[in-house]
Amino acid sequence: MAIRKIVEMGKDDILRKHSRRVTKFDRRLAVLLDDMAETMYEADGVGLAAPQVGTLKRVVVIDVGEGIIELVNPEIVSQEGEAISTEGCLSVPGRRGTVKRPEKVRVRAQDRKGNPIELEGEGLLAVCLCHELDHLDGILYVDKMIEDVTDKVEEENE
Ligand code: GNR
Ligand code: NI
């Protein structure tokens, strides 16, 4: 396993490109997934999309505290509700902003072997799924940001 360099907004236009679907479920894909997980944990992130490590493939990893989720060729198949929450992005270091997302999403994807998987996410997992899937289409949270709250003090945690 290896830690890969995380691409930052403004330094590389790769973050603005569309990623390609994965067709080969081979050793190379397994190495990418392993490296992405290691890179995400090392950076203290809850998700990471392949373009963030310079690879235009439809691959994401997520861990919101319930273990690693690996998604290849993910697609949102249904969504419900709306919720506004604060987001950050490892490719936009040091900044935070509010974004409106669906409250609940259902995602269809494939695992590292190509087997179909389906999962439902609510709360932070729903936010993270939407945030990571956007990366695969060259979209960053700042494009959808309602308000930049980088300099706002968190008042909720007493
Ligand atoms: O680590 C991350 N935290 C986060 C917090 C709120 C909403 C979304 C995220 S994703 C982000 C990691 C990242 O940039 N993934 O693309
Ligand atoms: Ni991000």
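Quick look at the structure, then. Worth saying up front: this structure is predicted, and the values here are computed from it rather than measured.

Tallying each qualifying case throughout the model produces 17 salt bridges. A salt bridge links Arg-112 to Asp-34; its shortest N-O distance comes to 2.8 Å. One end of the pair, Arg-112, is in the loop between strand E6 (104-110) and strand E7 (116-122); the other, Asp-34, is in helix H1 (residues 27-42), with 78 residues separating them in the sequence. Bridged by salt links that share partners, the residues Glu-87, Arg-101, Asp-134 and Lys-144 form one connected network.

Another point: the coordination of the nickel ion (ligand 2). Coordination of the nickel ion (ligand 2) by the protein involves Cys-89 (SG), His-131 (NE2) and His-135 (NE2), with metal-donor separations of 2.1 to 2.3 Å. Counting residues between consecutive donors of the nickel ion (ligand 2) along the chain gives the motif C-x41-H-x3-H. Here His-131 and its partner His-135 are both found in helix H2 (residues 123-135), 4 residues apart, which amounts to about one turn of the helix. One exposure class covers both His-131 and His-135, and it is buried.

Helix length check: H2, at 13 residues, gives a terminal C-alpha distance of 19 Å against a target of 18 Å (1.5 Å per residue), a fit within 8%. Most of H2 sits inside the fold, with 11 of its 13 residues counted as buried. Taken together, the buried positions of H2 are Leu-125, Ala-126, Val-127, Cys-128, Leu-129, Cys-130, His-131, Glu-132, Leu-133, Asp-134 and His-135.

All right, on to the environment of Asp-63 then. With respect to the helices and strands, the residue Asp-63 is situated in the loop between strand E2 (59-62) and strand E3 (69-80). As a C-alpha pair, Asp-63 and Gly-45 span 18 residues in sequence and 8.1 Å in three-dimensional space. With residues up to four places along the chain from it excluded, the contact list for Asp-63 reads Met-40, Tyr-41, Gly-45, Val-46 and Ile-68. In terms of polar contacts, Asp-63 uses its side chain to reach the side chain of Tyr-41, at 2.5 Å. One polar contact links the side chain of Asp-63 to the main-chain amide nitrogen of Gly-67, over a distance of 3.2 Å.

About the thresholds
Residues numbered from 1 in each chain as written. Chains lettered and ligands numbered in written order. Predicted model: local features only at pLDDT ≥ 70, side-chain atom pairs only at ≥ 80, totals over all residues. Heavy atoms only, no water. Salt bridge = Lys/Arg side-chain N within 4 Å of Asp/Glu carboxyl O. Helix = DSSP H or I, 4+ residues; strand = E, 2+ residues; numbered from the N terminus. Donors = N, O, S within 2.8 Å, 3.2 Å for Na, K, Ca; no water. Buried < 20%, exposed > 50% of the residue type's maximum accessible area, 1.4 Å probe, protein only. Expected span 1.5 Å × (residues − 1). Contact = heavy atoms within 4.5 Å. Polar contact = N/O pair within 3.5 Å; in protein donor to acceptor, adjacent residues only side chain to side chain.

Read these as geometric descriptors, not functional statements.
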